[in-house]
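For reference, the chains in residue letters:
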Amino acid sequence: FRNLLYQDASYFDNPAHAPGKLITRLASDAPNIKAVVDARMLQVIYALSAIVACIVIAFIYCWQVAILGTSLILLLAFVMIGLAYKISVMNIEQIKNDEAGRIAIEIIENVKTIQLLTRCDMFFDHYETASKQQKRSELKKGMIEAINYSITQSFMYFMMCFTYAVGIRVIYQGDKSSDDTFKGIIAMMLGAVAVMNSAQYFPEFVKAKTAAGMLFNIIYRKPRTGDLMEGDRPEIRGNILFENVKFSYPQRPLQPIMKGLQWTALRG
């Protein structure tokens, strides 16, 4: 919010930075990030540690099973990364087109005028249309999240099927003892359980990643006019003359604010 106060006028002149949208970002981004920096983050760290430990144990006892199990985990990771990227793109697009929050804030700010003009129904229809558009976007994201959830929660059974198939073959050929083979299989299955336990937080982490990106974009954005707290502060001892000054905002270059401005400020 401090950085927003120091932005140049052209920043707020951009429709993408309307006051309603900026207020919505301030109100929603920080809670979205906070939602994962708690026990859920600890659960994910625990799961990643468990996966690494299980892979190491599996390689110690039966490298054939370990290679197959690790390949399945990597395949699942690539699928989740792809789904996360898709959802992130949809989140960013939804944030850019989030008219419902902006409309609601601007309506509440001007509610007295709207009531006096008896236009409550018209503005409610505007808000309802924007909300339905946001709802459709959420439903699309929900389908992707459902696909991810179904894959991750059934991953253990895929792991069980493939590792037992390879393990039986390894025991049959006599490459490894049944004891070592089953230890490797159990290790990979425990790794699959860790994946299942952590994958349920997938939507929150994707949402937090998008929110963090938008929030840090605001935090680190530098005003085009420079830092208003820095710069030279010369002592002026003479007269000041503005001669034929022209100015227009960057978003509206064809709508000049000043045309041929001329004035003089005499010393004193």
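Residues numbered from 1 in each chain as written. Predicted model: local features only at pLDDT ≥ 70, side-chain atom pairs only at ≥ 80, totals over all residues. Heavy atoms only, no water.

**Re the domain arrangement of the protein chain**
- By domain assignment, the protein chain separates into domain 1 (1–81 + 149–220) and domain 2 (239–267).
- Of note, the centres of domain 1 and domain 2, computed from C-alpha atoms alone, are 56 Å apart.
- On the side of domain 2, 4 residues touch domain 1, which itself brings 5 residues to the contact.
- Taken together, the connections running from domain 1 to domain 2 amount to 0 salt bridges.
- The interface formed by domain 1 and domain 2 contains 0 residue pairs in polar contact (both at pLDDT 80 or more).
- Split into classes, the residues belonging to the side of domain 1 that touches domain 2 amount to 2 nonpolar, 2 polar and 1 charged. (Domains from an automatic or database assignment. Contact = heavy atoms within 4.5 Å. Salt bridge = Lys/Arg side-chain N within 4 Å of Asp/Glu carboxyl O. Polar contact = N/O pair within 3.5 Å; in protein donor to acceptor, adjacent residues only side chain to side chain. Nonpolar A, V, L, I, M, F, W, Y, C, P; charged D, E, K, R; others polar.)

**Side note on the layout of surface pockets**
- There is about 650 Å³ of room inside the largest pocket.
- If you go around the largest pocket, you meet 25 residues; those closest to its centre are Val 44, Met 80, Ile 81, Phe 202 and Phe 205.
- Breaking the lining of the largest pocket down by element, the ones donating at least two residues are α4 (39–61), α5 (63–96), α10 (178–199) and α11 (202–220).
- If you tally residues by element for the lining of the largest pocket, the top one is α5, at 9 residues. (1 Å grid on protein atoms, 1.4 Å probe; cavity = no way out; pocket = protein on both sides within 12 Å on 5 of 7 lines; lining within 4 Å. Points joined across faces, edges and corners; volume = space filled by probe spheres on them. Helix = DSSP H or I, 4+ residues; strand = E, 2+ residues; numbered from the N terminus.)

**Details of the UniProt feature "domain: ABC transmembrane type-1" (unreviewed entry) in the protein chain**
- Under the UniProt annotation, "domain: ABC transmembrane type-1" (unreviewed entry) lies at residues 1–207.
- Taken end to end, residues 1–207 is 87% helix and 0% strand, and its first and last C-alpha atoms sit 21 Å apart. (UniProt positions renumbered as here; feature names shortened; annotations may be inferred.)

**A word on the packing of aromatic side chains**
- This model, assessed by the stated rule, comprises 4 aromatic pairs.
- Relative to Trp 263, the ring of Phe 242 has its centre 4.7 Å away and its plane inclined at 15 degrees; by these criteria the two rings are stacked. Pair noted here: Phe 242 is in strand β1 (residues 240–247) and Trp 263 is in strand β2 (residues 258–265), with a separation of 21 residues, a long-range link.
- When its relative accessible area of 32% is taken as the criterion, Phe 242 is described as partly exposed.
- Since its relative accessible area comes to 38%, Trp 263 is described here as partly exposed. (Phe/Tyr/Trp six-rings, centres within 6.5 Å; stacked < 30°, edge-to-face > 60°. Buried < 20%, exposed > 50% of the residue type's maximum accessible area, 1.4 Å probe, protein only.)

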